[in-house]
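Results of the structural survey
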Amino acid sequence: MSLSQTSISALFDRAIAVAKKGWGNTHPNPMVGALIVENGEVISEGFHSASGQAHAEVEAFKALGRTPSTDASIVISLEPCSTHGKTPPCTNAILNSGIQSVYVAGLDPNPKHAGNGIEILREKGLDVELADSETQQRAARLNFIFNHNMQTGRPLIALKLAESANGKLADESGRPSRVTESEARADMMKWRRLFPSICVGSGTVLSDNPELTARLPDATFCPTRLVVDSDLSTFDPKVSDRTLYTDEFAGRTRVLTTPIGLKKNARFSRAKQLGISLIETEVCPRGRVPALCFPSILSELGLNGIYCEGGAKLAESMMEEGLADYLFRYRSPKEFLGPRALASPIAKSIRLRDALELELGSDHLTHGFL
Ligand SMILES: NC(=O)c1ccc[n+]([C@@H]2O[C@H](COP(=O)([O-])OP(=O)(O)OC[C@H]3O[C@@H](n4cnc5c(N)ncnc54)[C@H](OP(=O)(O)O)[C@@H]3O)[C@@H](O)[C@H]2O)c1
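Points about the domain arrangement of the protein chain
Taken domain by domain, the protein chain holds domain 1 (5–143) and domain 2 (154–369). For domain 1 versus domain 2, the separation of C-alpha centres amounts to 35 Å. Taken residue by residue, the interface counts seven residues in domain 1 and 13 residues in domain 2. Note on domain 1 versus domain 2: buried area summed over both sides is about 780 Å², and carbon and sulfur give 53% of it. When the buried area of domain 1 at its contact with domain 2 is split by residue, W23, H27 and R141 rank highest and sum to 77% of it. In this assembly, domain 1 and domain 2 are joined by six residue pairs in polar contact (both at pLDDT 80 or more). Tallied by class, the residues present in the side of domain 1 that touches domain 2 amount to three nonpolar, three polar and one charged.

Quick notes on the site of the ligand
Surveying the vicinity of the ligand reveals 32 residues, the closest of which are T204, D208, S230, V289 and S317. Within the side chain of T204, a nitrogen or oxygen atom sits 2.6 Å from an oxygen atom of the ligand. One nitrogen or oxygen atom from the main chain of K313 is found 2.8 Å from an oxygen atom belonging to the ligand. Within the complex, 90% of the 910 Å² of free accessible area of the ligand lies under protein. Contributing elements (two or more residues each) for the shell around the ligand: β6 (156–163), β7 (168–170), α8 (202–208) and α13 (312–320).

Re the packing of helix α2 (residues 56–64) against helix α3 (residues 90–97)
Contact geometry for α2 and α3: axes closest at 8 Å, N-to-C directions at 30 degrees. If you check the angle between α2 and α3, you find them roughly parallel. For the pair α2 and α3, contact is made by E57, V58 and F61 and by C90, A93, I94 and S97, respectively.

Digging into the sheet that holds strand β2 (residues 41–47)
Working definition: the strands of a sheet are paired by backbone hydrogen bonds and lie parallel or antiparallel to each other. Ordered in space as β2-β1-β3-β4-β5, the five strands form an open sheet in which the pairing is mixed. Strands with a single pairing partner mark the edges of an open sheet, and in this sheet they are β2 and β5 (127–130). Geometrically, the sheet is characterised by an average inter-axis angle of 20 degrees between neighbouring strands, direction not taken into account. Note that strand β3 (residues 73–76) and strand β4 (residues 101–104) share four bridges and pair parallel. Note that in β4 the partner of I74 across the bridge is V102. Sheet contacts for α2: β1 (33–38), β2 and β3; angle to β2, the most-contacted strand, approximately 130 degrees. Most of the contacts of helix α4 (residues 116–123) go to β5, to which it runs at about 150 degrees, and overall it touches β4 and β5.

Reading the values: rules and limits
- Residues numbered from 1 in each chain as written.
- Predicted model: local features only at pLDDT ≥ 70, side-chain atom pairs only at ≥ 80, totals over all residues.
- Heavy atoms only, no water.
- Domains from an automatic or database assignment.
- Contact = heavy atoms within 4.5 Å.
- Buried area = accessible area lost by both parts, 1.4 Å probe.
- Polar contact = N/O pair within 3.5 Å; in protein donor to acceptor, adjacent residues only side chain to side chain.
- Nonpolar A, V, L, I, M, F, W, Y, C, P; charged D, E, K, R; others polar.
- Near = heavy atom within 4 Å.
- Areas by Shrake-Rupley, 256 points an atom, 1.4 Å probe, with all protein chains shown as cover.
- Helix = DSSP H or I, 4+ residues; strand = E, 2+ residues; numbered from the N terminus.
- Axes fitted to C-alpha atoms, helices over the stretch in contact; angles between N-to-C directions.
- Parallel < 35°, antiparallel > 145°, perpendicular 65-115°, else oblique.
- Pairing = 2+ DSSP bridges.

Spelled out as structure tokens, the structure:
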């Protein structure tokens, strides 16, 4: 049965919402949601929960527990896969179900696959409808990390900066500042939960002693935490043990350092005592970990995206090297006017591609592609 345009638009929204149940758990795969509809009613739904687990379409058929009626439709947030990966192709599952009508919200961005799933089903005589361009864009945005990986072959590097109204990151450089309020902070937790990894420079570890966990109402999640510390200053005996080296998630912290850091005996020994994994990089001309090593290190660690929480110097290096793909820019109405206030490395006038805007209490978020 063909669905009306009003109901299909609501069903696409619902399929995208169902896909979000896999938020942060599906890497390196995309989030996908599927609905089976009979007589205009959703009778089952499924989502892709984790890499290696069944795909959304298969979950939806499993949840139904019977053969769909001949006039049933399936609504999917992403075109069905058409090749054997860790699981068989979803085009087969749809063909085997007997369903004749398929609604697809977005195309697979992998140039090798784009449109194939739809083509295969059409060739077998199924009626396949692709969403309007606005819905396709929304479906694509949900999987911006996966899409970037598919289109560029590189991990997505996102910068997050929280700025005062006059463009400062802290009211005093080297000290923690409360830039944004609770709604914006809760929003940041959501993104920490999405990305498989998070990073900061040694300056932020020394000044803020951050946890870098996603503290959500129901649970705390810890992405892989990377600290960029050229000379292991965060392990100096004069510095108290930082939380991300000693908390319950310490096994997920890795420190990128240079041969200079590895020669600092006391610091190196402390890192070893704490059991923190060190990754040796080359040294850039400024005596630091080269920002350019990020994409290859992330790929070696199997991480397809990183949420880089600053601070100013690391963000500046990422921008200078053209490594930043995406920006989360939170703006507070506060002003930091002190003489030692830390300036944001991002120009106020910078334009983001496909920018999204969100009011979060008294704060404002703009996020989009650089
Ligand atoms: N508002 C915000 O969004 C936000 C976010 C984070 C932090 N902050 C604030 O920012 C301040 C800290 O800023 P920061 O700029 O000192 O911290 P940072 O960017 O976190 O750390 C900078 C340090 O990282 C190390 N590093 C290693 N390789 C680097 C590379 N390629 N490029 C840049 N840095 C590299 C350098 O120290 P070594 O050479 O010794 O390794 C450098 O001094 C604090 O006041 C903090 O509260 C604000």
